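Observations on chain architecture
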Amino acid sequence: MSAVLSRTVNGACPHDCPDTCAMQVTVENERVVRIVGRQDHPSTHGALCTKVSRYAERTYHPDRLLHPLRRVSRKDEAPRFERVSWAEALADIAARLKAIAARDPQAIQPYSYAGTMGLLQGEAMAGRFFNKLGAARLDRTICAMAGGNAMLEAYGGKIGMHYRHFAGSQLILIWGSNAITSNLHFWTFAQAAKRNGARLICIDPRRTETAEKCHQHIALLPGTDGALALGLMHELIQHDWLDHDYLRQHVDGFEELRAKALAWPPECTAAECGITADEVRELARVYATTKPAAIRLNYGMQRVRGGGNAVRLIAMLPCLTGAWRHESGGLLLSGSGWFAPFKRADLERPELLAGRTPRTVNMSTIGDDLLREANPAFGPRIEALIVYNSNPVAVAPESRKVVAGFQRSDLLTVVLEHFMTDTADLADYVLPATTQLEHLDVHTTYGHTDVLMNHPAIAPLGEAKPNTQIFRELAAAMGFDDPCLADTDEQMADQAFTPEIDMALLRRDGIHPLPLPEAPFANGAFRTPSGKAQAGGCDYVPNYESVRSNPELAARYPLAMISPPARNFMNSTFANVESLRQAEGEPLLEMHPDDAAARGLQDGKLVAAFNDRGRYVCRLRISLRARAGVVHGLGVWWRKQGVQGTNVNELTHQRLTDIGAAPAFYDCLVEVAAA
Ligand SMILES: Nc1nc2c(c(=O)[nH]1)N[C@H]1C(S)=C(S)[C@@H](COP(=O)(O)OP(=O)(O)OC[C@H]3O[C@@H](n4cnc5c(=O)[nH]c(N)nc54)[C@H](O)[C@@H]3O)O[C@H]1N2
Ligand SMILES: Nc1nc2c(c(=O)[nH]1)N[C@H]1C(S)=C(S)[C@@H](COP(=O)(O)OP(=O)(O)OC[C@H]3O[C@@H](n4cnc5c(=O)[nH]c(N)nc54)[C@H](O)[C@@H]3O)O[C@H]1N2
Ligand SMILES: [Mo]
């Protein structure tokens, strides 16, 4: 028997989650046999979520794409592909892109998001390629732009409390976040706080597994968080629970905000939010009188029309009470702004645009935009789409239009993927990409504050190539000869950061902490031009679609629908990993017993949720996780896994948020009937 060749490799979880865990990958005889969280990384603390501890199952999945494929069926037929060589695929794609670029390179549209959050396999070589080409740009709004831009307006930066300091809080509002599902490593710190006597309050329409483990759950109506924040401020002002010194020194525009808040007494707030006036009064009292008080905001609550303003208003709460004075008080939405040493432009090279300013397309309206004819405001019709790190046919709103756009016979679609997703099914070419176990990358995060490095653990499977390599080869096939288009991944890793990041240390340890202040706004020093938090210019913006804001629509579609993540998937990623798919069961709609009784619906039966945009058939789960008037279409399943080949985005719309032009997935009315 030959000896087992075993080694461990430092990795980083690539997924779009705030936790960006440090992984240790064990390889035996060139096969990954175990993936665990690193003990020596403080926020990972040796633990991975169920999904990522199964990452090897995903990498070695029998359905992994291992060679390039070319479409042989029409786009409105069942997809059929034939195997082609890399040389043939790249030569044909390059020839077709050149022909389009000769007319107008802006007709070529990149489409990517955070399938991997790696800086190299994300927009590094891809950015260079598209800048050189002069392709249209993409406004990457689909997840976090409403809240993210709101933080820039309120504080001048996406920075906030450190995870570890939540353990010292005496009150934590977990607001629009299902931490146990989507932010597990934060939850560890919240539990430590709970053991130290902290009170945990969850503010979420759904009774999530996180809500169940908190001391209190406030089940407000979707999209009413801005009203709740104003109602809380009303109480803080009326009872003079304000930190006047902090307000005077560190906040601009409080008088304007004060006047707005005084219009939201508890009864009025309660009516808008669908909760009781006592819940409002008591929440304000607890928030004002418990110190230190922390807020963990997550992106769930900003996927509504007024999501940006809601985040701005909530961000003012710790400014009113001076909670920021303590390292365990304040707020965290995203910490991505801490990563000042990251040099995005050095990776993406905007100078390759050479003075051109191509149009920008919003990724959240890809359905409408693919169907748009050339016109002076929009520019040319989209003729080619190059998709990587994203599955837009499943995740983008208003699927009927997205699918119709992808089905255009005159559209050239190239998809870089691990699997035949709904998007790959509609491609002309599918190019096999490597997974995180097979390529190099460097990572910043939006939760903790360490830079991580991911070393490849194994060689690429089959003929798969890293995104970087695919764009290098495509650049060469196009005849682009700028030297930076030939940089290796190692070279690009060295270009990614200012010298504050010691690359030798990062390469050796895989983890590089940033030196940061413990309590970022204890003495003000907001990142705005005035150095003060900005309380002016925000107000409550009601939903596009709700019983109160649009009674006519609600007469036909009376149920508010939200579609938050399923625990065992990551957006639509992992939906095809058998063990995780089994854990999730099948596509579900959760509904309160009263709403089900009113419609004569039975638990476990197929139902159709519908509105003017579409119809989604899935199984009904009658459950007290739902409050009356709100239903939950969980997870982003692949459309082709759905009962009739649809998923929940059949029902969502493409209207955008107040700030950041982001999608309003959770601002949606439906009706439900037996299928
Ligand atoms: N397991 C798992 N983890 C994930 C993801 C996943 O798909 N699966 N997604 C990742 C991604 S892409 C992101 S952006 C992050 C953060 O992802 P988020 O989408 O913020 O994830 P959640 O924490 O589930 O937050 C959604 C919560 O907000 C609630 N919610 C919906 N509408 C409202 C509202 O109007 N007001 C309030 N107060 N709450 C509302 C939902 O019921 C849900 O419990 O998580 C990441 N982590
Ligand atoms: N209804 C509804 N819709 C939603 C949401 C919701 O809550 N409700 N959430 C929204 C949010 S928060 C987000 S962030 C978006 C997410 O939308 P996407 O960013 O599209 O996320 P995923 O569905 O995970 O798809 C990522 C794809 O990238 C691929 N991938 C991963 N790594 C690599 C790689 O290294 N190379 C290549 N070429 N491909 C790779 C994966 O196989 C996967 O198919 O969805 C949004 N859509
Ligand atoms: Mo997201």
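Refer to the structure presented above.
In short, a report on the structure. From a predicted model like this one, the values you see are computed outputs, not experimental measurements. (Residues numbered from 1 in each chain as written. Chains lettered and ligands numbered in written order. Predicted model: local features only at pLDDT ≥ 70, side-chain atom pairs only at ≥ 80, totals over all residues. Heavy atoms only, no water.)

**Here we look at the site of ligand 1**
In the neighbourhood of ligand 1, 34 residues make up the surrounding shell, with Asn178, Ser182, Asp204, Arg303 and Phe569 lying closest. In the environment of ligand 1, an oxygen atom lies 2.5 Å from a nitrogen or oxygen atom belonging to the side chain of Arg303. Burial of ligand 1 by the protein chains amounts to 98% of its free accessible area of 890 Å². Looking at the shell around ligand 1 residue by residue, the class counts come to 17 nonpolar, 10 polar and seven charged. (Near = heavy atom within 4 Å. Polar contact = N/O pair within 3.5 Å; in protein donor to acceptor, adjacent residues only side chain to side chain. Areas by Shrake-Rupley, 256 points an atom, 1.4 Å probe, with all protein chains shown as cover. Nonpolar A, V, L, I, M, F, W, Y, C, P; charged D, E, K, R; others polar.)

**Considering the pattern of salt bridges**
On inspection of all chains with the given rule, the structure shows 48 salt bridges. Between Glu212 and Arg625 there is a salt bridge, with the nearest N and O atoms lying 3.3 Å from each other. Here Glu212 is found in helix H8 (residues 209–213), whereas its partner Arg625 is found in the loop between strand E25 (614–622) and strand E26 (630–633), with 413 residues between them in sequence. Judged by relative accessible area, which is 23%, Arg625 ranks as partly exposed. Two residues, Glu586 and Arg619, come together in a salt bridge whose shortest N-O distance is 2.5 Å. In this pair, Glu586 is assigned in the loop between helix H23 (578–584) and strand E23 (588–591) and Arg619 in strand E25, connecting sequence segments 33 residues apart. The class of Glu586 is partly exposed, set by a relative accessible area of 31%. One connected set of salt bridges, linked through shared partners, spans Arg74, Asp76, Glu77 and Arg80. (Salt bridge = Lys/Arg side-chain N within 4 Å of Asp/Glu carboxyl O. Helix = DSSP H or I, 4+ residues; strand = E, 2+ residues; numbered from the N terminus. Buried < 20%, exposed > 50% of the residue type's maximum accessible area, 1.4 Å probe, protein only.)

**Let's talk about helix H18 (residues 399–406)**
Residues Ser399, Val402, Val403, Gly405 and Phe406 constitute the buried set of H18. Around the axis of H18, the buried residues are gathered within 160 degrees of arc, so they sit on the same side. Packing partners of the buried residues in H18 comprise helix H16 (366–371), strand E15 (384–388), helix H17 (392–395) and strand E16 (412–417). (Arc of directions from axis to C-beta. Contact = heavy atoms within 4.5 Å.)

**Description of the packing of aromatic side chains**
Tallied over the entire structure, the rule returns 20 aromatic pairs. Ring centres of Phe569 and Trp637 lie 4.9 Å apart, and the angle between their planes is 85 degrees; on these two criteria the pair is classed as edge-to-face. Taken together, the residues span a long stretch of sequence, with Phe569 in the loop between strand E22 (559–562) and H23 and Trp637 in the loop between E26 and strand E27 (669–674) at a distance of 68 residues. You can call Phe569 buried: its relative accessible area is 3%. On the accessibility criterion, Trp637 (3% relative accessible area) is buried. Grouping aromatic residues by their ring pairs yields a cluster made of Phe129, Phe130, Tyr388, Phe471 and Phe480. The aromatic ring of Phe480 is capped on one face by Lys132, whose charged end is 6.0 Å from the ring centroid. Over the face of the ring belonging to Phe378 we find Arg372, whose NZ or CZ atom lies 5.3 Å from the ring centre. (Phe/Tyr/Trp six-rings, centres within 6.5 Å; stacked < 30°, edge-to-face > 60°. Lys NZ or Arg CZ within 6 Å of the ring centre and 35° of its normal.)

**Description of helix H11 (residues 254–261)**
Those residues of H11 that sit buried are Phe254, Leu257, Lys260 and Ala261. What you see down the axis of H11 is that its buried residues fit within an arc of 120 degrees, all on one side. The exposed set on the far side of H11, more than 90 degrees from its buried face, consists of Glu255 and Ala259. Against helix H9 (225–238), helix H10 (244–250), strand E11 (251–252) and helix H14 (307–321) lie the buried residues of H11.

**Comments concerning the site of ligand 2**
In the vicinity of ligand 2, 31 residues are found, and the nearest of them are Arg58, Glu417, Ser572, Thr573 and Tyr666. Residue Val395 places a main-chain N or O atom 3.0 Å away from a nitrogen atom belonging to ligand 2. With respect to ligand 2, the backbone of Leu416 contributes an N or O atom lying 2.9 Å from a nitrogen atom. Of the residues belonging to the shell around ligand 2, the class tally is 12 nonpolar, 15 polar and four charged.

All quantities given are derived from atomic positions and should not be read as evidence of function.
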